[in-house]
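Architecture and fold: a report
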Amino acid sequence: MPKLVLKTFSAAIIAALLIVAVAGGLLPSQAFGAAANDAKGTLVMGTSADYPPFESVDAKNGGQYVGLDIDIAKYITEQLGYKLEIINMDFNGLIAALQTGRVDFVMSGMSATDERRESVDFSMIYYSARNSIISTKDNAYDSIEQLNGKTIGVQLGSTQDYFAETIPGASLKKLNKIPDLVQELKTGRVDALIVEDAVAIDYVNANSDLTVEFLPAEADENGYAIAFPKGSAIVNDFNGIITEMKESGKLDSLINTWFPMQKETEGSALGLNLDFSILKDYIPYILRGIYVTLLFTIVSALFGFIWGTVLSFFKLSRIKPLQWFATVYTSIFRGTPLLLQLLLIYYATPQLINYDISPLMAAGLAFGLNSAAYLSETIRGGILAVDKGQQEAAMALGIPYRTMMIKIILPQALRSILPALVNECVALLKESSLVSVIGVQDLMRRASVVQSLEFRAFEALLFAGAIYYVLVLILTSLARLLERRMRRSD
Amino acid sequence: MIKVTDITKTFGKTEVLKGITTTIARGEVVAIIGPSGSGKSTFLRCLNLLEKPTSGKITIADTEITSPKTDVMRVRQRIGMVFQHFHLFPHMTVIDNITFAPRTVKGMPDGKARANALSLLDRVGLADKADSYPSRLSGGQKQRVAIARSLAMEPDIMLFDEPTSALDPEMVKEVLNVIQSMAHTGMTMVIVTHEMKFAREAADTIYFMDDGRLVEKAAPEQFFSNPQSERAVRFLNQVL
């Protein structure tokens, strides 16, 4: 019997890996940002493309990355004779991506602070930004002193985050995304935001109820620079081109194209004043996220189910080490946050086994491994609930253990746990939105891209919510059909 | 055919079989009777190793099946068993129930397995139920399918564990008829039953068990008309 179990086990692993590999190959590389940083002649740039006009996704036209940083990066790499590849991820994951060698450099409106200099190298400053206070017109603040005792919103890990830490008497609320911060301000959960000037202008233009106050620039403290891994050999090359751009006026002309002075917009979204027509041009972009979300859900559900079944067999096995393994496995994967597992797998795999795991594959693996831990318990329960006589009847007929488990016991177990399995799939589908932290462009990620482009909070989210709901409805009706098919024998 | 030498079986601290020794000849039909808890079913289940005897030896056709070296699966393929609660596979049709083991265990081609199954179904009078699911059958029909399922493996020995105890009274007859018809085919059969009339008519030998022991072993006429032990007398007085 140990041999059989091992065979099942390895077959399941291979199948799962194949599925993940095939799925990874199916996706257009842009959808999950391949990191081919070893190939000569290509540089991989990390950015958090939700920060117009520095970097954003041109969701209306095929989802290209656009912005000042992108243009500068394109210019520099072209001058140096490299090809440029861009990976989009959360801002607070960028430093980790540099340190783990996932990207060769980072341009993301990142200020060269002393804290960051401890972990990465910076180029010279290419843009100097000013901090600014955004507040509501009804309750406006125009100096740092007034913020004493107030709640201030900042983007987690941003320069403004570090700056706001120094404001006396203020308490901070740190969020990942600026659109979320603006919403917090509008609903009165924070009193003011500290963001940088260019961003502030856009939001104040788009929201007539907001006002901005620029703070004096602090020399080069707030300047934007390109970040590199410690000891990177290409820093000097980049500095050379930046100097040249400054002297030739190329830099100023790029900046001017991306910072049009005060555009006038007609008064904008107050509260839940919805205007879904803004989504019109983004619909294809958002819909492409369905493919990513579904593919991811299917891969992780399948992998989780196969591996979960193997684990449940381990738990029911008479071989002690297999039992221990499955029990410890379940305990670890149920006992730690999924997000943590996801980040560990994505960032640690390249360092541990020198394999450059793609974000989608890392996500499929993490979700599959995690889901297997839960499913193994469900499946074990289902197997135990099958009448003991079934096993005896099969044994009396001389049917081998494995055939009995797979052909006789498991089908009956599955029938009784089908509702629980559907629950797990639905949960996977919805939790898949977590994968955006490592840059997979799923439905949720695309919705928040549109959110940040339009400076409006709800439309894209509600649209994505509706899509998730429809997907879950489809999934549950399919499950109902399957259940009816399985109940044929009743 | 079957040689049992001093087997015992202990569950925890309870000694269910207290040393049973007997020999069953090829083609012999044995009916085991006795009060509940006397160890009848446990003894039967030891014969195909669904229970592993705590001590003692069982030899079937010159193979010592209690030896650790014996391939239990192979032994069981030659011994059919019919259970009180049928244990048909509920997710398979009647025909699939019957053909599953011959196809997967013996590697019998689908066509041949199906033809065999249909002729067995015909023999138990259920040819028209081939494509039904077990849930559509009455208890008596289920038990007849279960018998056909065991026979499909072409066993040398058939074990019956109270095959009619879970049936409504009007269905007992149809099942007993099938079993009785098998008794004339030369099949070695061991039947645990509470049907005294059936035991008397169908069996070559009656085993009377009480308290984990094989108390009496006799031809039906002799046992029912002239039981030797006091316990058998008391038992027969209660059931007849």
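Just so we're clear, the structure is a prediction, and the values are computed from it rather than from any experiment. (Residues numbered from 1 in each chain as written. Chains lettered and ligands numbered in written order. Predicted model: local features only at pLDDT ≥ 70, side-chain atom pairs only at ≥ 80, totals over all residues.)

**As for the sheet that holds strand E2 (residues 14–24) of chain B**
Two pairing modes exist for strands in a sheet, parallel and antiparallel, and in both the strands are linked by backbone hydrogen bonds. Residue and element names in this part refer to chain B. Definition in use: Strands pair, by our definition, only if DSSP identifies at least two bridges between them. Only DSSP runs of H or I covering at least 4 residues are called helices, and only runs of E covering at least 2 are called strands; the numbering of each starts at the N terminus.
Within the open sheet, the 4 strands sit side by side as E2-E1-E4-E5. Their pairing is antiparallel. A single partner strand is all that each edge strand has here, and the edge strands are E2 and strand E5 (63–64). Here strand E1 (residues 2–11) pairs with E2 via 8 bridges, running antiparallel. Of the residues in E2, the one forming a bridge with Val-4 is Thr-22.

**Regarding the domain arrangement of chain B**
All names here are of chain B. We count it as follows: Boundary definitions for the domains trace back to an automatic or database domain assignment. Any two residues are considered in contact once their C-beta atoms, placed from the backbone, lie within 7 Å. When residues are sorted by character, Ala, Val, Leu, Ile, Met, Phe, Trp, Tyr, Cys and Pro go into the nonpolar class, Asp, Glu, Lys and Arg into the charged class, and all the rest, Gly among them, into the polar class.
The domain architecture assigned to chain B consists of domain 1 (2–78 + 156–239) and domain 2 (89–154). Each of domain 1 and domain 2 was reduced to a C-alpha centroid, and the two centroids are 25 Å apart. The partner domain 2 presents 10 residues to the 10 residues of domain 1 that form the contact. Counting residues per element, the side of domain 1 that touches domain 2 draws most heavily on helix H6 (residues 169–183), at 4 residues. Of the residues in the side of domain 1 that touches domain 2, the class split is 7 nonpolar, 1 polar and 2 charged.

**Details of the domain arrangement of chain A**
All names here are of chain A. We note that the domain assignment places domain 1 (2–28 + 282–489), domain 2 (33–129 + 221–264) and domain 3 (131–214) within chain A. Measuring from the centre of the C-alpha atoms in domain 2 to the corresponding centre in domain 3 gives 25 Å. Across the contact, 15 residues belong to domain 2 and 15 residues belong to domain 3. When the residues that make up the side of domain 2 that touches domain 3 are grouped by side-chain class, the tally is 6 nonpolar, 5 polar and 4 charged.

**Looking at the interface of chain A and chain B**
In this assembly, 17 residues from chain A lie in contact with 19 residues from chain B. Contributions of two or more residues to the side of chain A that touches chain B are made by helix H15 (388–396) and helix H16 (401–431) of chain A. Top element by residues in the side of chain A that touches chain B is H15(A). It accounts for 6 residues. For the side of chain A that touches chain B, the per-class residue count stands at 8 nonpolar, 6 polar and 3 charged.

**Comments concerning the environment of Asp204(B)**
Residue and element names in this part refer to chain B. For Asp-204, the position within the fold is in the loop between helix H7 (196–202) and strand E9 (205–210). As for Asp-204 and Leu-236, which are separated by 32 residues in sequence, their C-alpha atoms are 18 Å apart. Look past the residues within four positions of Asp-204 in its chain and what remains in contact with it is Glu-28 and Val-29.

**Structural notes on the sheet that holds strand E8 (residues 188–192) of chain B**
Residue and element names in this part refer to chain B. To keep it simple, the criterion reads: Axes here refer to lines fitted to C-alpha atoms; in helices the fit is confined to the stretch in contact. Angles between the N-to-C directions go from 0 to 180 degrees.
Ordered by their spatial adjacency, 6 strands build an open sheet running E6-E7-E8-E3-E9-E10, and the pairing between neighbours is mixed. The strands lining the two open edges of the sheet, one partner per strand, are strand E6 (79–82) and strand E10 (213–218). Neighbour to neighbour, the strand axes of the sheet diverge by 20° on average, direction disregarded. Seen against the sheet, helix H1 (residues 40–47) touches strand E3 (29–33), E6, strand E7 (157–161), E8 and E9 and runs at an angle of roughly 150° to E8.

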